[in-house]
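# Observations on chain architecture
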Amino acid sequence: MPEVQVVERKLAAIFAADVVGYSHLIQLDELGTLRALRASRAIIDRLIAGYRGRIFTTAGDSVLADFASAVDAVECALAVQAAIAEENAQRPEGERLRFRIGVHLGDVIVEGDNLLGDGVNIAARLQTLAEPGGIYVSAAVRDQIGTKLPIAFIDRGGQRLKNMARPLRAFEIVGPGREALAGMIARRSLSRRALFGTGAALLVLAVVGAASWWEWSGAPAMGPITSKQVGAPAIPAGSPADQVARSVPAPRLSLVVLPFTNLSNDPEQEYFADGITEDLTIDVSRIAGAVVIARNSAFAYKGQGVDPKKIGRELGVRYVLQGSVRRAGSQIRINAVLIDAETDTQIWAERFDRDIGDLFVVQNEITARIARALQSQLAIAESRRIVAHPDALDYILRGRAQLTKPISPENYNEAIGYFESALELDPQSAEAAAWLANLLAVRALDELTPFPNDDLHRARQLAAHALAAAPNNAMSHYARAQVLRAESRCAEAIPEYEAAIGLDRSRAPAFAHIGWCKFLTGSVDGVIPNFEQAIRLSPHEPGIAPWYGRLGVVHLLQSHLDDAIASLEKARSENARLPFVHAWLAAAYALKGDDNRAHAELAEAQQLNEAYSSVASVKKSNWFAKPEIRALAEATYFVGLRKAGMPEQ
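For the structure given in this document, a descriptive report is provided here. These numbers were taken from a predicted model, which means no experiment stands behind them. (Residues numbered from 1 in each chain as written. Predicted model: local features only at pLDDT ≥ 70, side-chain atom pairs only at ≥ 80, totals over all residues. Heavy atoms only, no water.)

## Things to note about the state of the cysteines
- Across all of its chains, the model carries 0 disulfides by this definition.
- Considering cysteine sulfurs only, Cys-517 is the nearest to Cys-490, which forms no disulfide, with 3.5 Å between them. (Disulfide = S-S within 2.5 Å.)

## A few points about the environment of Ala-123
- One can find Ala-123 in helix H4 (residues 118-129).
- On the basis of relative accessibility, which here comes to 0%, the residue Ala-123 falls in the buried class.
- Separated by 17 residues in the primary sequence, Ala-123 and Gly-106 have C-alpha atoms spaced 9.3 Å apart.
- The contact partners of Ala-123, leaving out residues within four places of it in the chain, are Ile-14, Ala-16, Gly-102 and His-104. (Helix = DSSP H or I, 4+ residues; strand = E, 2+ residues; numbered from the N terminus. Buried < 20%, exposed > 50% of the residue type's maximum accessible area, 1.4 Å probe, protein only. Contact = heavy atoms within 4.5 Å.)

## Considerations on the packing of aromatic side chains
- Applying the stated criterion to the full structure yields 13 aromatic pairs.
- Measuring from centroid to centroid gives 4.8 Å for Trp-516 and Trp-623, while their planes differ by 75 degrees, and the two rings are edge-to-face. With Trp-516 in helix H18 (residues 508-520) and Trp-623 in the loop between helix H24 (615-618) and helix H25 (627-635), the pair connects residues that are 107 residues apart, well separated along the chain. For the residue pair Trp-516 and Trp-623, the accessibility class agrees, reading buried in each case.
- Aromatic pair Tyr-637 and Phe-638: ring centres 5.7 Å apart, planes at 40 degrees, arrangement tilted.
- Taking the relative accessible area as the measure of exposure, Tyr-637 reaches 1% and is therefore buried.
- Here Phe-638 falls in the buried class, since its relative accessible area comes to 0%. (Phe/Tyr/Trp six-rings, centres within 6.5 Å; stacked < 30°, edge-to-face > 60°.)

## Structural notes on the pairing of strand E14 (residues 319-328)
- Direction of pairing for strand E11 (residues 254-257) relative to E14: parallel, over a ladder of 3 bridges. Residue pairing for E14: Val-256 is matched across the bridge by Val-320.
- Sheet analysis places E14 next to strand E15 (residues 331-340), joined by 10 bridges and oriented antiparallel. When the sheet's bridge partners are listed, Leu-321 is paired in E15 with Leu-338.
- Between E14 and E15, which pair antiparallel and follow one another directly, the connecting turn spans 2 residues, one of which, Gly-329, has a positive phi of 65 degrees. (Pairing = 2+ DSSP bridges.)

## As for helix H14 (residues 430-445)
- With 16 residues, H14 ought to run about 22 Å at 1.5 Å a step, and its terminal C-alpha atoms sit 22 Å apart, in line with that.
- The buried fraction of H14 amounts to 15 of the 16 residues, a majority that puts the element mostly inside the structure.
- Remark: Glu-447 follows H14 within two positions and exhibits a positive phi of approximately 55 degrees. (Expected span 1.5 Å × (residues − 1).)

## Notes on unusual backbone geometry
- Here the phi dihedral of Arg-52 falls at roughly 65 degrees; this positive angle occurs in a residue that is not glycine.
- As for its position among the elements, Arg-52 is in the loop between helix H2 (30-50) and strand E2 (54-59).
- Even without being glycine, Ser-559 reaches a positive phi, approximately 65 degrees.
- Locating Ser-559 in the fold gives a position in the loop between helix H20 (544-557) and helix H21 (561-574).

## Notes on the pairing of E15
- Of all 10 residues in E15, 7 are buried; the element is thus mostly enclosed.
- In terms of strand pairing, E15 meets strand E16 (residues 345-355) through 10 bridges, oriented antiparallel. What sits directly across from Ile-339, in E16, is Gln-346.
- The hairpin turn running from E15 into E16, its antiparallel successor, is 4 residues long, and Asp-344 in that turn takes a positive phi close to 60 degrees.

Written as structure tokens, this is what we have:
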């Protein structure tokens, strides 16, 4: 029998680095470039060894190394870029080298001292995506890092790499070599690694960045490394690092959640206030594109006076969220304020009053509600900034801001235009695809397009792309659910909405849509709690009128006339142009014996939509396709319409 050759394999974190534009630099100044390369390689070699790595291949300007730990590999990459940036600052412009680094965790083939296989190739391809001074990592590395390092990952979506059959999901870490994007550089002691001898220290980058749309699917976003996080001396005011921090704009959607202040006399409320802060930090970090400062850094400011401009400068953030908790008897009041750290202006504030009840439930609900509000408020604030050359994220934020306005064909179309522009600039953006799919599906659902079939066809394709590119992103699942609902596949839509909620519990519309999908599949059980939860989480939602309206529908079908009228009136006050609200109000008032109001509401419904010209026409609605719902309507709604004066045919 032929001898079976056993191939030795291992799992390794592969570090790949090379010099940007090396061939061109050699042509311009061969000796100067080689001199700079030797100096840079000495730094890189020393750091790789210090972080327990091993160089297995070098070729000209490139370096390939393997690490047993993804954390060690990424820490080494951060240290390399920071050290090279410091080295460049001491060199003439013509002798400055800038490196790109890629890190991948995967299976490799061991061949003597060398490593081969896809694991190596992917790392080498990843570094080609990075800009000078930048670091790209694969999703496998991002998942391994989690919250182990105080860094932020920017999701760059599925990337098509040379000689790779399938797109690879890549994440960027913004490095200090990118001057236009770099923020504060903090000193972190690495003496434990004995890189430069006892007492030596190395500059490690502070992670900030102009985030493209971030379909966050895993651990909470972490903010820039600061001296408070790593235990190093504070950066002195007026120092070069402080001047850099002042001169470089903070990344978009960058935020710190400061510890909420306990205003109660009860020390027990201190734990509740801290819990609110910690939960908010996690919830807000799930906002797509958000760069959120880590909890430990935020809590360093506990008990101190709040100077938003100073905090924004020190942490490299645009926004500061602060708040307070006060308990009086069985009531608890929570105040939250969002401040623009650059201008020290308040851009949003809200107060929440609740019965104590189950503190854990109250805490969950309040933090989810604040996170939901911030999704809109941050998008609005960012959309107001003047940007000379908008990128995909800018257009996504403008589209999201447009959706905070009342529902109308004009607002839908303008938002769609923004998301289309985002996709033109970044065809791989899962977030832009998901938002656009959602809007096209809703436009078809709300009968605000003359081409519903075309909209649905495109929405289906976009949602599939978003889900394939970002399967752990709430918006991807939400978009898929919206398409399924528009296709009258409600039973299939419910688990997609539930998946979206599992990834983002502040996604209020998903609760409302689950309720309505249950209704359309023939059940009224569980409908009301879903709508009530949606309204609690987002009481100022632009699309809240249909939620109140459908809540009224279910109340009417259950013969709860007073509750039905209360909900339907709220819907009408939010949006007087919804014909179904007027029709159901007409039926409710007629059943209550208020004929004048019933006739007036019926006239409004018929003026807005000719489908309310007769009971026979109303019965054609897919709302009554299920026998269970139709039977309830026969006993309530249709009776009320006839009493209000609607003809049978």
